[in-house]
Structures are given as structure tokens and as C-alpha cells.
Amino acid sequence: MLIIVENLPVPFDRRVWMEATTLHAAGYEVSVICPVGKGFTTRYEVIDGIHVYRHPLPAEGNGLLGYIAEYGAALFWETVLAFRVLFTRGFDVIHACNPPDLIFLVGAIFRLLGKKFLFDHHDLCPELFETKFGHRGLQYKAMVLAERATFGLASISIATNESYKKIAIERGRMPPDKVFVVRSGPNLDKIKPGPAKPELKQGKPYLVGYVGVIGRQEGLDLLVESAAWLRAQGRDDIHYGIVGGGPELEAIQAYAAEKGVADIFTFTGRAPDALLMDMLNTADICVNPDRVDPMNDLSTMNKIMEYMALGKPIVQFEVKEGRFSAQDSSLYAAPNDPIDFARKIAELADDPEKRAAMGAFGFKRVHEHLGWEHERPKLLAAYETLFTGKPVGALQTSGA
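Throughout this description, residue numbers start from 1 for each chain and increase along the sequence as written. In keeping with the model being predicted, local features are shown solely for residues with a pLDDT of at least 70 and side-chain atom pairs are shown and tallied solely at 80 or more, while totals for entire chains, interfaces and linings include all residues. Hydrogens and waters are ignored; side-chain quantities use all the structure's heavy atoms.

*Asks:* Quick one: what's the story with the environment of Asp 293, residue by residue and with numbers?
*Replies:* Secondary structure elements are taken from DSSP: a helix is a run of H or I of four residues or more, a strand is a run of E of two residues or more, and numbering for both begins at the N terminus. Mapped onto the secondary structure, Asp 293 falls in the loop between β12 (285-288) and α10 (302-309). In this structure the C-alpha to C-alpha distance between Asp 293 and Ala 334, which are 41 residues apart in sequence, comes to 13 Å. When neighbours within four sequence positions are excluded, Asp 293 is seen to be in contact with Thr 131 and Gln 217. Throughout, a contact is declared for two residues whenever any of their heavy atoms are within 4.5 Å.

See the structure below:
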């Protein structure tokens, strides 16, 4: 198996690493091509039996020329390294993880050489473009065509939820029995409750925790506005721990300073797992301020299920797949309304019994339905269908 992922290095990309280790444990020989990243700069290494090939990548693009440079470099290195794997270790399948929906260009080369192509659909790239730039146009249409070409090349596709499966069938024209829902359930052997570190609260009674990428669509500016509104109401008892990096990190830090709340925010940037777990285990409330937009509404966010695995109550905006995952472990603010979001934070801060009940619900739901142990057989079923051509319907169910 040759897994190709562009947007994050492994093993930092948790979903890709869980897939790789699951396949390796099932007896498959696994290679991964990914970019270098902070803390992951070795160009080739073997980790837990998985061969990892990393390549350089320009900074994330924000304009047309930036995207051309980023994606062009990625496609070049993915092709070069794929041939390196082919001529050294060999592979039978390219397992392509988007974004972007351009890895089919690499896959097409190797389909001509008899290799299989599996599309692992992580993000809705046309909707991501619309969210970032606020409009549709020729570039949006080009992204829809790239998505369609990716589905067209794939023998099997993997969706992260039922909304993505519907898009694979309707927009991607995939046969329903060739689309498998494999959710990004957390690895409960590694993500588990632990001791709090009170010093992370910076002297405040409550800590609000966030983990994830900091980009335009993640809504950290709305969280800053919520914090500013709460402070204006006389609440100065909450600190905010933000774990993660991304292209908007500096802008969000500047915005927190502009709104007069920089002193109650800790921004760690991309952090090691130990700090991430300490911050979340210390948090009294965890948040997902992702804007309600065409992409976020249909996407399953890994952070939500990680919060649940730690027994944390959640505040998020009203989004379809976020509600499916969290259910009663979350409060849901009016779409993109930072004041209502702030009120939900305050409601939980003032009600420890509610926090405990919501956290317990989420913890139970993840362990009984959404953890990675429930997704492993679905991934392996997809591979069995890929090689045998026979659908394994009993294992395509998507969870509770």
C-alpha cells in the first residue's frame, strides 16, 4: 500500500497514521508519502514498520500563484517518491488522501501500470474553496472537475461520514457499494483522560480548550470576540488555551490583542502531544468555533471526538455533522453568533453538574460507537472489496 497525503506530515496526521498502522497490523506492507513539517523533517524513516517518505513543500498558498507553487511542488515530489517506492519496495495500491483533489494525476500514471487507486475523502475541496474565498467561479468549477476525476479514477472511495458518502454517490457518481464510511474515530489507547495541570489556567478558575488548525474557516476570530464580550460583561474568570498552528495564527494573535484579550489567551502553536493532552485534560470546557458554512456543516471534525474521548463538555455552532457526532455532549450556539457562543460557555462554566453529565455522555458515546476500534473493520472491508471486487455490506454501516 502506498498512502499519499499532502496537507500534514505523518505520524502527526492522526487519521492517516491510524489507517497506516491498521493496515500494517492486518499484514499489509505500507509506505507513506507526505510533506515535512515541524518536528518531522527526516526525509526517510521507518516508524512502527511503516516506511515514511517526506518531501519539502512551500508555505501554504493563499492566492492563485501560491496554490500553483504549493500543489505543483507536491505533485512533483509525490510522483518522484512514488517511483522510488515502486522501484525499491513496490506497491499494489495508491491510497490518496485529499486535499487537494489533484493526487489523481499521480494515481493515473500508476493505473496505467496496473496499480489500483483508492480515494480517501478527507475534505470537500470545492466547498473549502468557496469558504476561503466567498464565491464560486472558474476555479470552483475546476475543483469540482478535479473531484469528479478523482472519483472517476477510484475503484473504491472512503468517506468520513454519511454526508461525504452522499457526495461521492451523487456528485462523484460512485456506485453506493463502492463507498465505505470510515469515521475518524480517536485512538482510545492514546487519547484518554489524565491529570490536570492547574498552572495552564494562568490563575483563572476555568480553562476553555481548543485544538486544531488555525485557518480562516476555523472561526478562532469568533472565539476571540466571544472572550471579549464575556470580559465586557465583567467575567474575567476564564482563560483560553489554543493548541495548534496554521496560516492565520499570527492574525488571530493580533486580533486578540486588538480586542483586549491577549492576556487571557495562550497560543502554543503546533505542540507536542504531551502539551496537547495536558491542555485538554485541564480544560473545563472545549470548543469548536468552526464557522457554519457549506464545508464545515458537512464535515466531521476530529477535535470533537477527541474532546468527547476525554469526557469534556463542548460548545460549537449548529452544524449537521458536529451535532451527529457530539449529540448531548455539546451545546449548540446560533450559527456564527459569537455572543450566543459566549453565553453557552458561561452557561457551562456556571453549571458543574451539567458539565459532568455532558462529558460523561460524550465519553460513553465515543467508547461505545465512535472510537477507532469501531472503524478498523470498515477500513479493512474497503480493502477486501478493492482486491476481491465483492462488496462487504455488513461492514459498511456508519455507526450510531
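Alright, that's what it looks like, and here's the rest.
*Asks:* Before we move on, could you go through the sheet that holds strand β13 (residues 314-317) and cite the residues and values that matter?
*Replies:* Two strands are said to pair when DSSP picks up at least two bridges between them. With parallel pairing, the six strands of this open sheet are ordered in space as β11-β10-β9-β12-β13-β14. Every interior strand has two partners, whereas the edge strands, β11 (265-269) and β14 (330-333), have only one. On average, each strand axis in the sheet is inclined to that of its neighbour by 25°, with strand direction left out of account. Direction of pairing for strand β10 (residues 238-243) relative to β11: parallel, over a ladder of four bridges. Residue pairing in the sheet places Gly 241 in a bridge with Thr 266 of β11. What counts as an axis is a line fitted to C-alpha atoms, over the stretch in contact for a helix, and the angles between N-to-C directions run from 0 to 180 degrees. The strands touched by helix α13 (residues 352-370) within the sheet are β9 (206-211), β12, β13 and β14, with β14 carrying the most contacts at an inclination of about 105°.

*Asks:* Which residues make up unusual backbone geometry, and what are the values?
*Replies:* In this structure, Pro 11 follows Val 10 across a cis peptide bond, with omega equal to 10°. On the secondary structure map, Pro 11 appears in the loop between β1 (2-5) and α1 (14-25). A cis geometry characterises the amide bond from Asn 98 onward to Pro 99, with omega recorded as 5°. In this fold, Pro 99 is placed in the loop between β5 (93-97) and α3 (104-111). Even without a glycine there, the phi angle at Gln 327 is positive, about 50°.

*Asks:* Requested: an account of α1, with residues and values cited.
*Replies:* Across its twelve residues, α1 extends 16 Å between first and last C-alpha, which sits within 8% of the 16 Å expected from 1.5 Å per residue. Phi turns positive, to about 105°, at Gly 27, one or two residues after α1. Helix span, expected: 1.5 Å multiplied by one less than the number of residues in the helix.

*Asks:* Tell me about the nonpolar core, and name the residues and values.
*Replies:* Grouped together as the largest cluster of nonpolar side chains are 60 residues, with contacts concentrated most on Leu 223, Tyr 240, Ile 242, Phe 265, Val 287 and Ile 345. Sorting elements by how many residues they give to this core places helix α7 (residues 220-232) first, with seven residues. Contacts of Tyr 240, omitting those with residues within four sequence positions, involve Leu 207, Val 208, Leu 223, Ala 227, Leu 230, Ile 264, Phe 265 and Thr 266. Only buried residues count toward a nonpolar core, which is a set of Ala, Val, Leu, Ile, Met, Phe, Trp, Tyr and Cys residues joined through side-chain atoms within 4.5 Å. Buried residues are those whose accessible area, probed at 1.4 Å on protein chains only, stays under 20% of the maximum for their type, while exposed residues exceed 50% and partly exposed ones sit between those limits.

*Asks:* Tell me what's going on with helix α9 (residues 273-282), and back it up with residues and numbers.
*Replies:* Inspection of α9 places Leu 276, Met 277, Met 279, Leu 280, Asn 281 and Thr 282 among the buried residues, and these make up the whole buried set. In this structure, the buried residues of α9 make contact with α1, β9, β10, β11, β12 and α10.

*Asks:* Residue-level account of the packing of α13 against helix α14 (residues 372-388), with values.
*Replies:* For the pair α13 and α14, interaxial distance at closest approach is 6 Å and the crossing angle is 25°. The orientation of α13 relative to α14 falls into the category roughly parallel. Here Val 366, His 367, Glu 368, His 369 and Leu 370 of α13 lie close against α14, whose contacting residues are Trp 372, His 374 and Glu 375. Gly counts as polar in this scheme, as do all residues outside two lists: the nonpolar Ala, Val, Leu, Ile, Met, Phe, Trp, Tyr, Cys and Pro, and the charged Asp, Glu, Lys and Arg. The class makeup of the residues in the contact of α13 with α14 is three nonpolar, three polar and two charged. Oblique is the label for any angle not covered by the other classes, which are roughly parallel (under 35 degrees), roughly antiparallel (over 145) and roughly perpendicular (65 to 115).

*Asks:* For the side chain of Ser 226, give the residues involved together with the corresponding values.
*Replies:* With respect to the secondary-structure elements, Ser 226 resides in helix α7. Excluding anything up to four places from it in sequence, Ser 226 contacts Pro 338, Phe 341 and Ala 342.

As far as function goes, none of this settles anything; it's purely spatial.
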